[in-house]
Every structure is written in structure tokens, then in C-alpha cells.
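Observations on the model geometry
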Amino acid sequence: MTAVFLGVRHHSPACARLVERTIDELRPAHVLVEGPAEMNSRLDELLLGHELPVAVFSHYRDGRRAATSWAPLCDYSPEWVALRAGRAAGAEVRFIDLPAWHPAFAERTNRYADAEVRYARATERLCERFAVDSSDALWDRLFEVEPDAGVAERLDAYFALVRGDAEADAGDRAREAYMASWVRAAVAAADGRPVLVVTGGFHQPALRGLVASGGTDAVPGVLPDAVPDVLSDTVPDVL
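Below is a short write-up of the structure. Worth saying up front: this structure is predicted, and the values here are computed from it rather than measured. (Residues numbered from 1 in each chain as written. Predicted model: local features only at pLDDT ≥ 70, side-chain atom pairs only at ≥ 80, totals over all residues. Heavy atoms only, no water.)

Ordered by their spatial adjacency, 4 strands build an open sheet running S1-S6-S2-S5, and the pairing between neighbours is parallel. Both edges of this open sheet fall to strand S1 (3-8) and strand S5 (92-97), since each of them pairs with a single strand only. Direction aside, neighbouring strands of the sheet carry axes that sit 25° apart on average. The strands touched by helix H7 (residues 170-189) within the sheet are S1, strand S2 (30-36), S5 and strand S6 (195-200), with S5 carrying the most contacts at an inclination of about 155°. (Pairing = 2+ DSSP bridges. Helix = DSSP H or I, 4+ residues; strand = E, 2+ residues; numbered from the N terminus. Axes fitted to C-alpha atoms, helices over the stretch in contact; angles between N-to-C directions. Contact = heavy atoms within 4.5 Å.)

The following block contains the structure:
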């Protein structure tokens, strides 16, 4: 079996529920999570009985630069649920993103900040189609207030659309190449068992392409001309 990719929005209850259901159904050999790989040796400590929210804080300083990075986690963070539920299911759980000190994070202090600004054209068109006034309202309309049935398909359609409208910068391309190398290694070691990959939805389409091709460059998206049917099905009758 190849990897199963779940693209999520950070701190989304709907995505957190999907992650937990998927782990329960797949019983994967590996659960790979977007997060700082330098924390892998301390996952036992992170998964102690903390009262959430918590955050992983990283600091780096040398003679040329200093960098700080946060990875905040709460009860309904898909990344936290992936770690907790994956460990409970007996999976090998790992963070697979570049370390916080990598130059790819030079301008990013919050690893799990929402990325809507990177695909503004697509979300603007969707906001108009669904008669909402912001990307947050759009997300709630499509995912948080809709029934959980079909949410995985709607997420796939949504992230394929918005990634197709965005040009990944050098930092994102470096992160995606690194994460893809983790996925390929896990698939090779899984002996045919499932490998679940939980990342921000912006990265999901590129990771699928990279892992399938064995390449090191993100696969460019194509902006569809219309809202995918799986999203259009959620348009209110009044529209």
C-alpha cells in the first residue's frame, strides 16, 4: 500500500476528527506529521500528560543570524491528534519537516500559521461563489459546519484548487522535498502496511506528486476553471 495523504488546516476541529478516524480505520505502520524533525528524539517527553495548549519552541543563533520558531498545539490540532492517536495505535510516529533552524524558516515564526495569503486568488473566487466575506468564513462553511461525511474528498478538492493558484517559494520547495524523502523511506520500511502523512493542505498536492514520481521538485499545479463538484455540492440551495 502506498502512502495516504491527509491535507489539513492547522487547528481545525474537523481535520482533527478526520485524522483520528483515519488512524482508527487504517491502523497505519507509520504516522508522519508536519513538524520539527529535531523533536523526534523527544517525542516521549512531548507526549507526556501535558495540559494543552502547549508549544514547541526552538531557538537558533550563530555569528550571522538568529532564529526562533513556535509549533503550537492544542486538543483539536490535527498534528497533535496524529501524534497521540498514532502512538496509541502502535504506529511509528515522527515529525518530518525541516528543523526550525533551517533557512526555510527564516521569515516564519509560527510553523502552523494559516497560509491563506498564499492562495488569495482561489479563496477570493470561492468566497464569491459561496457568498461569504472571508477565508475563515469560507473554511467554516465548507468544513466545520458541514457533516463529517465526505470531508476528506472536500479537503482534497479544496487544497488541489488553492495550491494550483499558488507559487511555492524556495523555502516551501525545500520543505516539501525533505518531507517527501521521509515518506518514501517510511513506505519502503512499512512492508505493505499503510503510511499516513498529515501535513498542511498547501503541501499535500506537491507531496503526493513528489512521492509518486520519486522526484525532488514540487509538481506545479493547474488552476481549475470552476469550483470542483465535490465543493459545489455544499452550496446552499438559495444560491
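Our next topic: the pattern of salt bridges. A complete count under the given rule lists 15 salt bridges for this structure. Residue Arg175 is joined to Glu34 by a salt bridge in which the shortest nitrogen-to-oxygen separation is 3.0 Å. Taken together, the residues Arg175 in helix H7 and Glu34 in strand S2 connect sequence positions 141 residues apart. Among the ionic pairs, Arg141 bridges to Glu146, the shortest N-O distance being 2.5 Å. In this structure, a network of salt bridges that share partners links the residues Glu34, Asp97, Arg111, Asp172 and Arg175. (Salt bridge = Lys/Arg side-chain N within 4 Å of Asp/Glu carboxyl O.)

Axis separation between helix H6 (residues 151-164) and helix H8 (residues 204-213) bottoms out at 8 Å; the angle between their running directions is 90°. Considered as vectors, H6 and H8 are oriented roughly perpendicular to each other. Between H6, through Asp156, Phe159, Ala160 and Arg163, and H8, the contact on the second element is made entirely by Gln204, Pro205, Ala206 and Arg208. Here the contact of H6 with H8 is composed, by residue class, of 4 nonpolar, 1 polar and 3 charged. (Parallel < 35°, antiparallel > 145°, perpendicular 65-115°, else oblique. Nonpolar A, V, L, I, M, F, W, Y, C, P; charged D, E, K, R; others polar.)

By themselves, these observations are geometric and do not establish any function.
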